[in-house]
Structures are given as structure tokens and as C-alpha cells.
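This is what each chain is made of:
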Amino acid sequence: MVSVSLCMIVKNEEDVLERCLESLAGAVDEIIIVDTGSVDHTREIAARFTDQIFDFPWQDDFSAARNESFSHASMDYCMWLDADDVLLEEDRNAFLVLKETLDPTVSVVMAPYHTGFDESGQVTFSYYRERLIKNRAGMRWAGAVHEAVTPVGSIQYAEFAVTHQKTRPSDPDRNLRIYQAQLAAGTTLEPRQQFYYGRELYYHRRWEEALEVFERFLSEGRGWVENNIDACCHCAYCHKELGHDREALAALLRSFAYDCPRAEVCCEIGLWFFQREQYRQAAYWYALALTCARDDRRGGFVSPDCYGYLPCIQLCVCYDRLGDPSKAKEFNELAALFKPDSPAVLHNREIFQTGPS
């Protein structure tokens, strides 16, 4: 069985840290806590689980802090979590199985990261992250913000997932501040950081600046395919906010130059036509979404609803508007296979049974 060091960086996490550490207690062989300046009870909570607590002055650089936490690890693999992450019981069990069975020649273990949920707790947004990294194998975190480790050697995909359970908003301006400080200092952002800088500008509703960054990112042709596709979508979102309707559609279609259609993009195109009451065209794109193969291991952001529930419920509405109640009912029941208790599904059933009021 391999051994695992849990390596965390924390600052003022008294509201979530105990929950996180309890979910891993007894499942990992060592807990390393690097504190970057807490003034609450974070250190006291951490001390209930480990005596390996280290100070590291915050430098506006997440990679520097994560590399510091890894530097104290003594086990076979380093595992990282944020303080508002947890392993649910079934994932903890799967993690323990992985520890028992992992081939020690594996360099990196990729695992799903669940970060978005609907009202019933079902996952609506997920992506794979490098979760276990072989210790002392030369791999280091890079990127001051949205940091990552570039995997080398043998990679294994795990069954256990990490669940992100945010309880409060973080500083919404922190990441943008870090990027802007880097640019002011003359730093040239590498492609991944350029992509995420564009996203930060988008989150701050700076549509024109975000669009410029995404267009430059795409034109340079050095981005990872999944980031390229996502950048096309964000170009579309920016164009939509700026009132550039045709350009928004063109940006979505541009994503097909990078790979086969993703269901997420097809649903966006379907929505573009749906909002213009072009229901036959919308139905075409929602139906195409249902044919797209979901492959989380590609590493991109995944919205599971786009591979089933969302196109089905939208096809129900499209066919109802097109005067085809039989098909509308059929797709409503298909949507129910994905979300049986969906308020939209139940409402549609009532309408089909009683007729519109």
C-alpha cells in the first residue's frame, strides 16, 4: 500500500477546516498544514489533527505556497485539498481502495473535482484535477493563480471525487489583482494563465477587455484544446453582453475547429436559437447535444446536465412550441430519466395531463 501526505495551504479557515480534515482523518498517513497568515482559530483547529503546521508568508503566489507544503511531505504521494473541500463517505472509501491498489510506478493520479450542484445536490459542474502527485519526482506547481502541476510519467484516473463545499465568498478581486500586478511588473503570461486572466476579466464584467484577451489567446495558437473551446464560449458570452448577437453565435461555432462538438457548446447554440424563437433550429442543436459523448478524462470543464437532462427538457419545450405534443411528452419523460423530481418535468406532466390553463 502506498502512503499519502495531505498537503494544504490555509488562511483564516476556521469555519471549514475541521470538516475537511475530519473527512480525511485516518485515511492519509500525514497531514501538512502551511498557514499563510491566519488570525482566527485555524491553527488551533489544525493542531487537533497534526503537529506539522508551518508558517509561510503570503506572496500573492499560490504555487509558491503549494510547493512549500509539498516540501515538508515525507510519504510516497502528496495530495492537495483546499480547506473547503471534503471527501464524502463513498469517495473516502474509494480513496482507501486506491491506496491499497495503486501501482507505485504511477506518477500522477487524476480525480474528479465536483464544484457545482443543483438544489437536490446533484453535480452540475465537474472536472479532473491532478490530485495525488508522486513525491520527490520533480513535479512542481506553476502559476501564481489557478496553479497546476504538469503531469509527467504514468497517469492514472481515480474513481474517488473531491467535493467542493464553499460556505462563504472569497475575495472576488484577489485573482485579478494578482494578474494585474504581474502584468504591471512586465510579466508575460503563459497561455494557461492568459486564458484564466480572460476569465477573471469576464467575471468582473469587463467584457471588452476579456474579449481582447481571449482573442489574443486563441490567435497565438498555443493553448490546450479544452481551454481553446472554453475561450470560444467565453468570447460568445462577452459578445452577448455587448449586444453582438451574430458574433456570439460565430464564436460558439468556432469551437468546432478545435475538436468534435461538446454537448455544452451545442446547448449554448440551441439556446441562441431558442431565445430567437427559432425552435426548429434550436431542436436540431439540442438533439445534437444528446449524441455527444461525455468524456470527463479529456480534462475540460463538464456540465453533466448538458449530456442528458438539459437538452431533453429544452426539446420538450421546442416541440411543444412547434405544435408536436407527442414529441414534447416523449422528451419530457426522457428528461425525467435524468431528474425524476425536476420541477420542470413535473410541471410539464401536469400541463400535458390537464392542458394549459
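Please refer to the structure placed before this passage.
Residues numbered from 1 in each chain as written. Predicted model: local features only at pLDDT ≥ 70, side-chain atom pairs only at ≥ 80, totals over all residues. Heavy atoms only, no water.

*Asks:* Even after reading the chapter, I still don't get the overall build of the protein chain, so can you show me in this structure?
*Replies:* Helix and strand counts for the protein chain come out as 14 helices and 11 strands. Taking 357 residues into account, the globule formula puts the C-alpha radius of gyration at 21 Å, and the protein chain, at 23 Å, falls close to it. Its C-alpha atoms give the protein chain principal-axis dimensions of about 70 × 45 × 40 Å. Pairs at least 24 apart in sequence give 66% of the contacts found in the protein chain among residues at least 6 apart. In the form shown here, the protein chain has an accessible surface area of approximately 17,000 Å², with 50% of it arising from carbon and sulfur atoms. (Helix = DSSP H or I, 4+ residues; strand = E, 2+ residues; numbered from the N terminus. Rg over C-alpha atoms; globule rule 2.2 N^0.38 Å. Contact = heavy atoms within 4.5 Å. Areas by Shrake-Rupley, 256 points an atom, 1.4 Å probe, with all protein chains shown as cover.)

*Asks:* Can you help me understand the side chain of Thr50 in this one?
*Replies:* Positionally, Thr50 belongs in the loop between helix 2 (42-47) and strand 3 (53-55). The class of Thr50 is buried, set by a relative accessible area of 11%. At 3.0 Å, the side chain of Thr50 and the backbone nitrogen of Gln52 are in polar contact. Dropping the residues within four chain positions of it, Thr50 is found in contact with Ile31 and Ile33. (Buried < 20%, exposed > 50% of the residue type's maximum accessible area, 1.4 Å probe, protein only. Polar contact = N/O pair within 3.5 Å; in protein donor to acceptor, adjacent residues only side chain to side chain.)

*Asks:* Please clarify how helix 5 (residues 174-184) should be interpreted in this entry.
*Replies:* Each α-helix winds once per 3.6 residues, and so residues spaced three or four apart point in a common direction. Along helix 5, the residues classified as buried are Asn175, Leu176, Ile178, Tyr179 and Gln182. When helix 5 is viewed along its axis, its buried side chains cluster within an angular range of 160° and face the same direction. Taken together, the buried residues of helix 5 touch helix 3 (62-71) and helix 6 (191-203). Gly186 sits one or two positions beyond helix 5 and adopts a positive phi of about 90°. (Arc of directions from axis to C-beta.)

*Asks:* Sorry, what's going on with the pairing of strand 4 (residues 77-80) here?
*Replies:* Consecutive side chains along a regular strand alternate between the two faces of the sheet. Side chains Tyr77 and Met79 of strand 4 all project onto a buried face; the interleaved residues Cys78 and Trp80 project onto the opposite face, where all are buried too. The sheet contact formed by strand 1 (residues 4-10) and strand 4 spans 4 bridges and is parallel. Within strand 4, the position partnered with Cys7 by the bridge is Trp80. Where strand 4 lies against strand 7 (residues 123-134), 3 bridges are found, and the strand directions are antiparallel. In the sheet register, Cys78 faces strand 7, and the bridge partner there is Ile133. (Pairing = 2+ DSSP bridges.)

*Asks:* Is there a simple way to explain the packing of helix 6 against helix 8 (residues 225-241) in this structure?
*Replies:* In a packed pair of helices, the relevant descriptors are the angle between the two axes and the axis-to-axis distance. Taken N-terminus to C-terminus, the directions of helix 6 and helix 8 make an angle of 25°; their axes are 11 Å apart at the nearest point. The pairing of helix 6 with helix 8 is recorded here as roughly parallel in orientation. Handedness of the helix 6/helix 8 crossing: left-handed. Facing helix 6, whose interface residues are Arg192, Phe195, Arg199 and Tyr202, helix 8 presents Asn227, Asp230, Ala231, His234, Tyr237 and Cys238. Of the residues assigned to the contact of helix 6 with helix 8, the class counts are 5 nonpolar, 2 polar and 3 charged. (Axes fitted to C-alpha atoms, helices over the stretch in contact; angles between N-to-C directions. Parallel < 35°, antiparallel > 145°, perpendicular 65-115°, else oblique. Left-handed = near helix turned anticlockwise from the far one by under 90°. Nonpolar A, V, L, I, M, F, W, Y, C, P; charged D, E, K, R; others polar.)

*Asks:* Is there a simple way to think about the pairing of strand 2 (residues 30-35) in this case?
*Replies:* Burial analysis of strand 2 places 6 of its 6 residues in the buried class, which makes it a mostly covered element. A two-sided burial pattern is seen for strand 2, the buried positions comprising Glu30, Ile32 and Val34 on one face and Ile31, Ile33 and Asp35 on the other. The pairing of strand 1 with strand 2 spans 6 bridges and is parallel. Residue pairing across strands places Met8 opposite Ile33, the latter belonging to strand 2. One crossover worth recording links strand 1 to the parallel strand 2 by way of helix 1 (residues 17-24), and it is right-handed. In this fold, strand 2 hands off to helix 2, which returns the chain to strand 3; that crossover is right-handed. (Right-handed = clockwise from strand over helix to strand, strands pointing away.)

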